[in-house]
Amino acid sequence: MKLPVEHLTQDAFAPFGEVISIATARDSYKINQGTTTRFHDISRVDVADEGGAPIISIFRGTPRPKPIEITMMERHPLGSQAFMPLSGQKFLIVVASGTDDPAPENLRAFLSDGTQGVTYAKNVWHHPLLVLEEDSDFLIVDRSGPGNNLNEVDLPLVDGEVITLDWA
């Protein structure tokens, strides 16, 4: 099964979370004596369940072999997770609708233009980081704290084949 890759837009991604970009700011205004524009409230952090606290990390990803195979998905039931590229690099996003184990027919794939990040809403199935360039660094805002905040599941084969991404 080849999964088509869509352009990342807020409308298309809304069932899974929020797109992080200056275009999705809920407000913007000048600060610092007019020398800086604050793009305010771009994405919400939802990590307080079971005593969680927000943390900021940097992940460094490396590309996977092509064709990129989608063999598993993960979710974080206790908190959202945000990814923002630090060097303007494009990256791929794979998500699944529903809260039960993800089914291949419920997968959707998106391509960030490198100026966009994403916040996966709490409990949204997604594939781990899919970078397209060597040593791609991402700012991550997610949850630290007690409780099990990671579920992983292997995806079934489709007609005996692994799911791969269909993109140029």
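Refer to the preceding data block for the structure.
Model, not experiment: these values are computed from the prediction. (Residues numbered from 1 in each chain as written. Predicted model: local features only at pLDDT ≥ 70, side-chain atom pairs only at ≥ 80, totals over all residues. Heavy atoms only, no water.)

1. Thoughts on the pattern of salt bridges
Line of reasoning, step 1. For the coordinates displayed, the defined rule picks out 7 salt bridges.
Line of reasoning, step 2. Taking the shortest distance from any N to any O, the salt bridge between Lys122 and Asp49 comes out at 3.0 Å. Note that Lys122 is positioned in the loop between β11 (117–120) and β12 (125–126) and Asp49 in the loop between β4 (36–40) and β5 (53–61), a separation of 73 residues in sequence.
Line of reasoning, step 3. Note on Asp49: relative accessible area 30%, which makes it partly exposed.
Line of reasoning, step 4. Where Asp137 meets Arg60, a salt bridge forms, and the shortest distance between an N and an O atom there is 2.6 Å. Residue Asp137 is located in strand β14 (residues 136–144), and its partner Arg60 is located in strand β5; the two are separated by 77 residues in the primary sequence.
Line of reasoning, step 5. Given the relative accessible area of 17%, Asp137 is considered buried.
Line of reasoning, step 6. Ionic contacts of the salt-bridge type, sharing partners, join the residues Glu18, Arg26, Asp41 and Arg44 into one network. (Salt bridge = Lys/Arg side-chain N within 4 Å of Asp/Glu carboxyl O. Helix = DSSP H or I, 4+ residues; strand = E, 2+ residues; numbered from the N terminus. Buried < 20%, exposed > 50% of the residue type's maximum accessible area, 1.4 Å probe, protein only.)

2. Remarks on the nonpolar core
Line of reasoning, step 1. In this structure, Phe13, Ile93, Val95 and Phe110 are the most contacted members of the largest nonpolar core, which totals 17 residues.
Line of reasoning, step 2. Counting only elements with at least two residues in this core, the list comes to α1 (10–13), β9 (91–96), β11 and β14.
Line of reasoning, step 3. Dropping the residues within four chain positions of it, Phe13 is found in contact with Leu8, Glu18, Val19, Ile93, Val95, Phe110, Val118, Thr119 and Tyr120.
Line of reasoning, step 4. Core analysis: the second largest hydrophobic core is formed by 15 residues, Ile68, Met73, Leu155 and Ile163 among them. (Core = buried A, V, L, I, M, F, W, Y, C linked by side-chain atoms within 4.5 Å. Contact = heavy atoms within 4.5 Å.)

3. A short note on the pairing of β4
Put simply, side chains in a regular strand alternate between the two faces of the sheet.
Line of reasoning, step 1. By the bridge criterion, 5 bridges tie strand β3 (residues 27–31) to β4 in an arrangement that is antiparallel. Bridge pairing in β4 places Asp27 opposite His40.
Line of reasoning, step 2. Between the antiparallel neighbours β3 and β4 lie 4 residues, among them Asn32 with a positive phi of about 55°. (Pairing = 2+ DSSP bridges.)

4. So, a nonpolar patch on the surface
Line of reasoning, step 1. Residues Ile56, Ile58, Leu86 and Leu139 make up a contiguous nonpolar surface patch of roughly 390 Å² in combined accessible area.
Line of reasoning, step 2. In this structure, Leu86 sits in the loop between β8 (81–85) and β9. (Patch = residues over 30% accessible without salt bridge, like charges linked within 9 Å, V, L, I, M, F, W, Y side chains within 5 Å. Areas by Shrake-Rupley, 256 points an atom, 1.4 Å probe, with all protein chains shown as cover.)

5. Overview of the sheet that holds β8
Line of reasoning, step 1. Pairing is antiparallel in the open sheet, where 5 strands are placed in the order β2-β11-β8-β14-β5. Looking at strand neighbours, the two that pair on one side only are β2 (17–20) and β5, the edges of this open sheet. Taking each pair of neighbouring strands and ignoring which way they run, the sheet shows an average axis angle of 15°.
Line of reasoning, step 2. Relative to β11, β2 runs antiparallel, the two being bridged by 4 bridges. (Axes fitted to C-alpha atoms, helices over the stretch in contact; angles between N-to-C directions.)

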